[in-house]
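Take a look at the letters that make up each chain.
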Amino acid sequence: MSTKVVKSIREAIALTGLRDGMTVSFHHHLRNGDYVLNMVMEQIADLGIRDLTVNASSLFDAHQPLADHIRNHVVTGVLTDYMAAGLGREISRGLLERPVEFRTHGGRPSDIASGRTPVDVAFIAAPSADPMGNCSGKYGKSACGSLGYAAADAMYAKKVVVITDGLVPYPLLDWSIPEIYVDYVVEVEAIGNPAGIVSGTTRITRDPVGLVMASYAARVIEHSGLLEEGFSFQTGAGGASLAAASFLKDIMLSKGVKGSFGLGGITGYMVDMLRAGCFQSLLDVQCFDLQAVESLRTDPRHQEISALHYASPTMRSAVVDSLDVVILGATEIDTDFNVNVHTDSNGYIMGGSGGHSDTAAGAKLAMIIAPMFRARLPIVTDRVTCVSTPGRDIDVLVTQGGIAVNPKNGALAQRLRDAGLPVLDIHELKAKAEAITGTPKALPKGDRVVAEVISRDGGVLDRICAVPEL
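A brief look at the structure comes next. (Residues numbered from 1 in each chain as written. Predicted model: local features only at pLDDT ≥ 70, side-chain atom pairs only at ≥ 80, totals over all residues. Heavy atoms only, no water.)

**Concerning the sheet that holds strand β15 (residues 325-328)**
Part 1: Pairing is mixed in the open sheet, where nine strands are placed in the order β14-β13-β12-β11-β15-β18-β22-β23-β24. Where the open sheet ends on each side, the last strands, each with one partner, are β14 (302-304) and β24 (423-424).
Part 2: By the bridge criterion, three bridges tie strand β13 (residues 279-287) to β14 in an arrangement that is parallel. Within β14, the position partnered with Leu 283 by the bridge is Gln 303.
Part 3: Its contacts with the sheet put helix α14 (residues 410-418) on β18 (365-369), β22 (396-399), β23 (402-405) and β24, and the angle it makes with β23 is roughly 155 degrees. (Pairing = 2+ DSSP bridges. Helix = DSSP H or I, 4+ residues; strand = E, 2+ residues; numbered from the N terminus. Contact = heavy atoms within 4.5 Å. Axes fitted to C-alpha atoms, helices over the stretch in contact; angles between N-to-C directions.)

**Examining the packing of aromatic side chains**
Part 1: For the structure on display, the rule yields four aromatic pairs.
Part 2: Summarising the aromatic geometry, the rings of Phe 26 and Phe 123 are spaced 5.7 Å apart at their centres and angled 15 degrees between planes, so their arrangement reads as stacked. Of this pair, Phe 26 sits in strand β2 (residues 23-26) while Phe 123 sits in strand β6 (residues 121-126), placing them 97 residues apart in sequence.
Part 3: With relative accessibility at 2%, the residue Phe 26 sits in the buried group. (Phe/Tyr/Trp six-rings, centres within 6.5 Å; stacked < 30°, edge-to-face > 60°. Buried < 20%, exposed > 50% of the residue type's maximum accessible area, 1.4 Å probe, protein only.)

**Here we look at the environment of Ala 62**
Part 1: Take Ala 62: it is sitting in the loop between β3 (52-56) and α3 (66-71).
Part 2: Residue Ala 62 is classed as partly exposed on the basis of its relative accessible area of 21%.
Part 3: Note: C-alpha distance between Ala 62 and Ala 84 (22 residues apart in sequence) is 9.1 Å.
Part 4: Apart from residues no more than four positions distant in its own chain, Ala 62 is found in contact with Asn 32, Asp 34 and Asn 38.

**As for empty space enclosed by the protein**
Part 1: Scanning the model with the defined rule gives one cavity of 30 Å³ or more in all.
Part 2: Of the pockets and cavities examined, the largest cavity occupies roughly 30 Å³.
Part 3: Every residue along the wall of the largest cavity is listed here: Phe 26, His 27, Asp 34, Val 36, Leu 37, Phe 123, Ile 124 and Ala 125.
Part 4: Among the elements that take part in the lining of the largest cavity, β6 stands out by supplying three residues, more than any other.
Part 5: Class assignment of the residues belonging to the lining of the largest cavity gives a composition of six nonpolar, one polar and one charged. (1 Å grid on protein atoms, 1.4 Å probe; cavity = no way out; pocket = protein on both sides within 12 Å on 5 of 7 lines; lining within 4 Å. Points joined across faces, edges and corners; volume = space filled by probe spheres on them. Nonpolar A, V, L, I, M, F, W, Y, C, P; charged D, E, K, R; others polar.)

**Here we look at the side chain of Ser 224**
Part 1: Mapped onto the elements, Ser 224 comes out in the loop between α8 (208-222) and β11 (232-234).
Part 2: The exposure class assigned to Ser 224 is buried, which follows from its relative accessible area of 12%.
Part 3: Polar contacts involving the side chain of Ser 224 include one to the main-chain carbonyl oxygen of Ile 221, which spans 2.8 Å.
Part 4: Those residues within four positions of Ser 224 in sequence are excluded, and the remaining contacts are Leu 365, Leu 412 and Arg 415. (Polar contact = N/O pair within 3.5 Å; in protein donor to acceptor, adjacent residues only side chain to side chain.)

**So, the packing of helix α9 (residues 239-255) against helix α10 (residues 268-275)**
Part 1: Two elements in contact, α9 and α10, have axes separated by 10 Å at closest approach and are oriented at 10 degrees. Comparing the axis directions of α9 and α10 gives the class roughly parallel. Each of Leu 242, Ala 245, Leu 248, Lys 249 and Met 252 in α9 lies in contact with α10, whose residues at this interface are Tyr 269, Asp 272 and Met 273.
Part 2: Residues of the contact of α9 with α10, tallied by class, amount to six nonpolar, no polar and two charged. (Parallel < 35°, antiparallel > 145°, perpendicular 65-115°, else oblique.)

**Considerations on the pairing of strand β26 (residues 460-465)**
Part 1: Where strand β25 (residues 449-454) meets β26, five bridges bridge the pair, whose relative direction is antiparallel. Each bridged residue has a counterpart across the sheet, and for Val 449 the counterpart in β26 is Cys 465.
Part 2: Here β25 folds back onto β26 in antiparallel fashion, the turn holding five residues, of which Gly 458 has a positive phi close to 105 degrees.

**A few points about helix α15 (residues 426-437)**
Part 1: Given a rise of 1.5 Å per residue, twelve residues ought to cover 16 Å, and the 16 Å separating the end C-alpha atoms of α15 matches this to within 8%.
Part 2: For α15, the full list of buried residues reads Ile 426, Leu 429, Lys 430, Ala 433, Glu 434 and Thr 437. Around the axis of α15, the buried residues are gathered within 130 degrees of arc, so they sit on the same side.
Part 3: Sitting at the head of α15, Asp 425 places a side-chain oxygen 2.7 Å from the backbone nitrogen of His 427. (Expected span 1.5 Å × (residues − 1). Arc of directions from axis to C-beta.)

**Considering the sheet that holds strand β1 (residues 5-6)**
Part 1: Spatially, β1-β10-β9-β6-β2-β3-β4-β5-β25-β26 is the arrangement adopted by the ten strands of the open sheet, whose pairing is mixed. Each having just a single partner strand, β1 and β26 make up the two edges of the open sheet.

**As for the pattern of salt bridges**
Part 1: Per the stated rule, a full pass over the model turns up 19 salt bridges.
Part 2: For Arg 71, the salt bridge identified is with Glu 90, shortest N-O distance 2.2 Å. Of this pair, Arg 71 sits in helix α3 while Glu 90 sits in helix α4 (residues 85-92), placing them 19 residues apart in sequence.
Part 3: For Arg 103, the salt bridge is made with Glu 101, and the minimal N-O distance between the two is 2.8 Å.
Part 4: The class of Glu 101 is partly exposed, set by a relative accessible area of 23%.
Part 5: Salt bridges sharing common partners tie together Asp 68, Arg 71 and Glu 90. (Salt bridge = Lys/Arg side-chain N within 4 Å of Asp/Glu carboxyl O.)

**Digging into the environment of Gly 347**
Part 1: By secondary structure assignment, the location of Gly 347 is in the loop between β17 (339-340) and α13 (356-362).
Part 2: In this structure the C-alpha to C-alpha distance between Gly 347 and Leu 443, which are 96 residues apart in sequence, comes to 7.6 Å.
Part 3: Apart from residues lying up to four places away in sequence, Gly 347 is in contact with Ser 92, Thr 385, Leu 443, Ile 464 and Val 467.

**With respect to unusual backbone geometry**
Part 1: The omega angle of the peptide bond from Tyr 170 to Pro 171 is -5 degrees, so this bond is cis rather than trans.
Part 2: Examined against the element boundaries, Pro 171 turns out to sit in the loop between β9 (159-164) and β10 (184-187).
Part 3: A positive phi is found at Ala 375, a non-glycine position, where the angle reads about 50 degrees.
Part 4: Structurally, the position occupied by Ala 375 is in the loop between β19 (373-374) and β20 (377-378).
Part 5: By relative accessible area, which is 75% here, Ala 375 ends up exposed.

Printed below as a string of structure tokens:
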């Protein structure tokens, strides 16, 4: 039979017709263990191709070599949903001439599908693939689980290259992406380091402060009026968020509540909730640990979904629009409930919205869980350094020192008070934290815009300025 397998990444690049000024894309399911972006960009640079835009669903510390490609003008544009602190710090100091464009996990595939951000060549890291390009993340030595963030790239890029370290005979069954979208297949020795792709386990916090916040968060959900038959839920992989899920599991089992689905980046704790009968299904756009990968591979109730299906605002529907409760984090939140997850307390880029603002917009209850202060800086401020998620979409802030409810939700605030929870005005919470930390000085702000935060509906939500050299 015919085959799409070519001998090397270099040959695949040449066959795609990639040239100066085009856009290449990558997905982030291999997370901090990814080798593929760096391998591809090294070959592109060696071929003398310049002035490229990199559209990556997220960029981790493993992708630090991208900074050199920016310095050498191989890369002159970056579009992403998240950027780790190493590369983010260099961008914040003015490394890139054009501002980085930050999108959400729903906005990115929406803009690819609409042609607003067209992709010339998509490079898809696949733990398992056959010679015609059917590929999956569920099998192979580099198994990462769902390939949900790669789906739009495969469907809409002009050329698609699958790079795998698990080439299997045709046909690969139970594929994530079918051969109909794939032009070339390259087999390499390793697409990533398994230790950085998924953790063996994700761990509940043992920190007493985190456990207090988690307990409050679970009780907010319990008394929100939403915890009933058909309940749906998403939480992150942070220690306090996992603890909240564990407390919620106990509440659901004690009350006999059978939820409909758990959503998002899936962890072993969500798998435990599925197996305990808390949910009928898990809808998975990304696996965070090995237990989640194994569950996706073996349990038909655990379903892989694309980022389009997860959170696109321009599809006919998306799962986030059916979500009851989401637990989210924050580096800052202001007294108008705007949330920052893009920059640290000094204004350096160290994150991104990911699905933060998508789920906050879609969920009936969007909850921020964060400590009152970090490194003696209060979490609540008069105005966040960067608006990642607008305050209109945030309902509750949970800290160890109390719970602030957005004034738009007076009925919810009363429910929580009636349940004996420590509800405070957000200004009171701010004052309580500052009584311990003092009032921080205003950050100096550079004049040059180094990044734009694009809202999920396509408008510019905020701009991030360079951090001035002191």
